Amino acid sequence: GSSHTIAATDCIIICNSSSAPSTITLPAAGSHLGRVLIFKNIHASGAIAISRAGSDTIEFNSGATAQTVAPCAAGQSLTLISDGSAKWICTAQIG
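These numbers were taken from a predicted model, which means no experiment stands behind them. (Residues numbered from 1 in each chain as written. Predicted model: local features only at pLDDT ≥ 70, side-chain atom pairs only at ≥ 80, totals over all residues. Heavy atoms only, no water.)

Caption draft 1: Representation of the environment of Ile38. Secondary-structure assignment places Ile38 in strand S4 (residues 36-41). When its relative accessible area of 32% is taken as the criterion, Ile38 is described as partly exposed. Not counting residues up to four positions away in its chain, the partners in contact with Ile38 are Cys11, Ile12, Ile13, Leu78 and Thr79. (Helix = DSSP H or I, 4+ residues; strand = E, 2+ residues; numbered from the N terminus. Buried < 20%, exposed > 50% of the residue type's maximum accessible area, 1.4 Å probe, protein only. Contact = heavy atoms within 4.5 Å.)

Listed below in structure tokens is the structure:
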């Protein structure tokens with residue numbers, strides 16, 4: 001489908017949607033200390049947009065932060081870890 005909200009049982013999310021982009025909404029980081037989420041886009045051309053919950057931010061290796069992230073193009077993967085406060089930290093972006 002074109003959108004998905006992360007459930008309590010989700011840990012690896014494989015996206016194969018031609019919607020441009022597919023939107024995946026993260027859970028609140030403050031409720032999930034240390035939780036690891038891995039995203040993999042296996043579609044030939046569709047992108048994944050990863051959206052925050054509430055006022056959370058997403059921090060990249062460069063130190064830049066964002067409220068909505070769309071870095072996961074076709075063939076790419078992304079790993080996020082919750083700091084248990086209000087931030088998801090990107091520990092790997094491949095592709």
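Caption draft 2: Quick peek at the pattern of salt bridges. Taken as a whole and assessed by the stated rule, the structure comprises one salt bridge. Where Lys87 meets Glu59, a salt bridge forms, and the shortest distance between an N and an O atom there is 3.1 Å. Taken together, the positions of Lys87 in strand S10 (residues 87-94) and Glu59 in strand S6 (residues 57-59) put the pair 28 residues apart, joining distant regions of the chain. (Salt bridge = Lys/Arg side-chain N within 4 Å of Asp/Glu carboxyl O.)

Caption draft 3: Summary view of the pairing of S10. Here S6 pairs with S10 via three bridges, running parallel. Paired with Thr57 across the strands is Lys87, a residue of S10. As judged from the six bridges shared by strand S9 (residues 77-82) and S10, these two strands associate in the antiparallel manner. By the bridge assignment for S10, Ser77 is matched with Ile94. (Pairing = 2+ DSSP bridges.)

Caption draft 4: Layout of the side chain of His43. With respect to the secondary-structure elements, His43 resides in the loop between S4 and strand S5 (48-51). Look at His43 and you get buried, because its relative accessible area is 16%. Within the structure, the side chain of His43 is placed 2.9 Å from the backbone nitrogen of Ser45, a separation counted as a polar contact. Not counting residues within four places of it along the chain, the set of residues in contact with His43 comprises Cys15, Asn16, Ser17, Ser18, Ala74 and Gly75. (Polar contact = N/O pair within 3.5 Å; in protein donor to acceptor, adjacent residues only side chain to side chain.)

Caption draft 5: Examining the environment of Ser82 more closely. Within the fold, Ser82 resides in strand S9. Residue classification places Ser82 among the buried residues on the basis of a relative accessible area of 4%. For the pair Ser82 and Leu33, spaced 49 residues apart in sequence, the C-alpha to C-alpha distance is 5.4 Å. Those residues in contact with Ser82 that lie beyond four places of it in its chain are Ala29, His32, Leu33, Gly34, Arg35, Lys87 and Trp88. A polar contact is formed between the side chain of Ser82 and the backbone oxygen of Ala29, at a distance of 2.6 Å.

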